[in-house]
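Descriptive analysis of the structure
One letter stands for each residue in the lines below.
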Amino acid sequence: MTKNAMSVAKGVAAVVATGVVVGYVSNKVMQKNPKTVKRKASDAVSAMGQIVNDISYLLK
C-alpha cells in the first residue's frame with residue numbers, strides 16, 4: 001500500500017511541476033500574441049479537464 005501511495009504522490013508532484021512550467025511558458029508567449037493564446041488555452045484547459053477526470057476515474 002505504501003508503494004501505491006508513493007506512486008500517486010510522485011504522479012501528483014509531476015503534474016504540479018508540469019503545471020508550473022506550462023504556466024511560465026504560457027506567460028512568456030501571452031505577452032507576444034494574446035488572442036491566439038487565449039483560444040488555444042481554452043482548448044488546452046478542456047483537454048486537461050478530461051485528463052483529470054480520467055485519472056480520478058482510474059483511482060476509484
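Before reading on, note that the structure itself is shown above.
Residues numbered from 1 in each chain as written. Predicted model: local features only at pLDDT ≥ 70, side-chain atom pairs only at ≥ 80, totals over all residues. Heavy atoms only, no water.

1. Thoughts on the overall build of the protein
Stated formally: Runs of E in the DSSP output that reach at least two residues are strands. Runs of H or I that reach at least four are helices, and both are numbered from the N terminus. We take the radius of gyration over the C-alpha atoms and set the globule estimate at 2.2 Å times the residue count to the 0.38 power. A 1.4 Å probe and the Shrake-Rupley method give the accessible areas. Residues count as covered only by the protein chains that appear here.
For the protein, the helix and strand inventory stands at two helices and zero strands. A compact globule built from 60 residues would reach a C-alpha radius of gyration of about 10 Å, whereas the protein, at 15 Å, exceeds it by more than 25%. Taken along the three principal axes of its C-alpha coordinates, the protein extends 45 × 20 × 5 Å. Carbon and sulfur atoms form 67% of the exposed surface of the protein, whose accessible area is close to 5,500 Å².

2. Some remarks on a nonpolar patch on the surface
Our working definition: Candidates for patches are residues over 30% relative accessible area with no salt bridge; among them, like charges are joined within 9 Å and nonpolar side chains (Val, Leu, Ile, Met, Phe, Trp, Tyr) within 5 Å. The rule for a salt bridge is simple: a side-chain nitrogen of Lys or Arg has to be within 4 Å of a carboxyl oxygen of Asp or Glu. The buried label goes to any residue with under 20% of its type's maximum accessible area, the exposed label to any with over 50%, and the partly exposed label to all in between, with areas taken from a 1.4 Å probe on protein chains only.
On the surface, a nonpolar cluster with roughly 860 Å² of combined accessible area is contributed by Val8, Val12, Val15, Val16, Val20, Met48, Ile51, Val52, Ile55 and Leu59. Where the nonpolar patch is concerned, the elements lending two or more residues are helix H1 (2-30) and helix H2 (34-59). Along the chain, the position of Leu59 falls in helix H2. With a relative accessible area of 57%, Leu59 lands in the exposed category.

Purely spatial values, then, with no claim about function.
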